[in-house]
Amino acid sequence: MDRSRAEHLVAPVEDLARHAAAGDRAALEELLRTVRPEVLRRCGRFLPCREDAEEAAQDVLLQLARKIGTFEGRSRFGTWLHTVVANCCRQKYRELKRRSAEVAAPADEVPRADPRTTSVIAGSRVDLLEALERLEREHPQLVEPLVYRDICQLEYAEAAERAGIPLGTFKSRLHEARRQVRPWLADTS
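Not measured: the values here are computed from a predicted model. (Residues numbered from 1 in each chain as written. Predicted model: local features only at pLDDT ≥ 70, side-chain atom pairs only at ≥ 80, totals over all residues. Heavy atoms only, no water.)

(A) Representation of the overall build of the protein chain within the structure. Looking only at helices and strands, the protein chain has eight helices and zero strands in total. Order of helices (α) and strands (β) in the protein chain, N terminus to C terminus: α-α-α-α-α-α-α-α. Here the protein chain holds 189 residues, and 39% of them are scored as buried. Considering only contacts within the protein chain whose residues lie at least 6 apart along the sequence, 63% involve residues at least 24 apart. (Helix = DSSP H or I, 4+ residues; strand = E, 2+ residues; numbered from the N terminus. Buried < 20%, exposed > 50% of the residue type's maximum accessible area, 1.4 Å probe, protein only. Contact = heavy atoms within 4.5 Å.)

The following block contains the structure:
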């Protein structure tokens, strides 16, 4: 997509956000409908389980509806929205971690970590979420390969297909994603 077309698509969202922040209910409803697919996509990058991503996306949309009045327009709406997404996903991870601690599995049923992958090196899911968030900012094209292969544990061919890229490209991006993320996760221990 060329730059002028992308800017043309962003402008209506920015306008909707400003009108919604000013109290326009119709603008808020249109904004929620417009950003919903992007919110779900972003939550899916942070939370590999679709159900968790959908729950987080609903939380984001609810927060957006409740807090749109705090959007002052000093930054782009997309930047403000990304912060809401990151916070809701981080909260969902904490909730999942708390639930898993409450329902602890017997020690012999806990799956053993594969030290060759990065998804289990993190001390907690929050550490991994923060690493994914940083990877999203610095190298967004590397997030999907890491999530599909190391977190969702899909086979290479299926993961490449879901990412919509050739297998060789997928493997290359996965290698680079692991290389980028390992030191960030090691720093958290």
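Now that the structure has been shown, the text picks up again.
(B) Summary view of the environment of A22. Among the structural elements, A22 can be located in the loop between α1 (3-21) and α2 (25-46). Between the alpha carbons of A22 and I68 there is a distance of 8.6 Å; along the sequence they are 46 residues apart.

(C) Summary view of the pattern of salt bridges. In the structure shown here, the tally under the stated rule is nine salt bridges. Across the salt bridge formed by R33 and E30, the nearest N and O atoms sit 2.0 Å from each other. Placement of both R33 and E30 in helix α2 is noted, with a separation of three residues, approximately one turn of the helix. On the basis of relative accessible area, E30 is assigned to the partly exposed category, the value being 29%. Residue E95 pairs with K92 through a salt bridge whose shortest N-O separation is 3.3 Å. In this pair, E95 and K92 both sit in helix α4 (residues 77-102), three residues apart, roughly one turn of the helix. (Salt bridge = Lys/Arg side-chain N within 4 Å of Asp/Glu carboxyl O.)

(D) The arrangement of the nonpolar core in detail. Within the largest apolar cluster, 50 residues are counted, with the highest numbers of intra-cluster contacts made by L31, V35, C43 and F77. Only α1, α2, α3 (50-67), α4, α5 (125-138), α6 (143-151), α7 (156-163) and α8 (167-187) provide two or more residues apiece to this core. Setting aside its immediate chain neighbours within four residues, V35 contacts V13, L61, L64, F77 and L81. (Core = buried A, V, L, I, M, F, W, Y, C linked by side-chain atoms within 4.5 Å.)

(E) Quick look at the packing of α2 against α3. Contact geometry of α2 with α3 gives a least axis separation of 9 Å together with a crossing angle of 145°. Every pair of crossing elements has a handedness; the one defined by α2 and α3 is right-handed. Of α3, the residues touching α2 (which contributes L28, L31, L32, V35, R36, V39, L40, C43 and G44) are R50, A53, E54, A56, A57, Q58, V60, L61, L64 and A65. (Axes fitted to C-alpha atoms, helices over the stretch in contact; angles between N-to-C directions. Left-handed = near helix turned anticlockwise from the far one by under 90°.)

(F) Structural view of the packing of aromatic side chains. Under the criterion given, the structure shown has four aromatic pairs. Geometrically, the ring pair formed by F71 and F77 is edge-to-face, given 5.5 Å between the ring centres and 85° between the ring planes. The residues F71 and F77 share a single accessibility class, namely buried. Judged by centre distance (6.4 Å) and plane angle (80°), the ring pair of Y156 and F170 falls under edge-to-face. (Phe/Tyr/Trp six-rings, centres within 6.5 Å; stacked < 30°, edge-to-face > 60°.)

(G) How the structure looks around the state of the cysteines. As enumerated under the stated definition, the model contains zero disulfides in all. Looking at C43, it has no disulfide partner, and the nearest cysteine sulfur is the one in C89, 3.8 Å off. (Disulfide = S-S within 2.5 Å.)

(H) Highlighting the environment of A57. Relative to the elements of secondary structure, A57 occurs in helix α3. Not counting residues up to four positions away in its chain, the partners in contact with A57 are V39, L40 and C43.

(I) Focus on the confidence of the model for the protein chain. Overall, the prediction assigns the protein chain a mean pLDDT of 78, with 77% of residues at 70 or greater. When pLDDT is averaged over each element of the protein chain, α3 comes out on top at 93 and α1 at the bottom at 73. The low-confidence segment residues 1-8 (pLDDT under 50) makes two contacts with residues lying over four places distant or belonging to another chain. Here residues 107-124 is modelled with pLDDT under 50, and outside its nearest four sequence neighbours on either side it reaches 25 contacts, counting other chains as well. (pLDDT = per-residue confidence, 0-100.)

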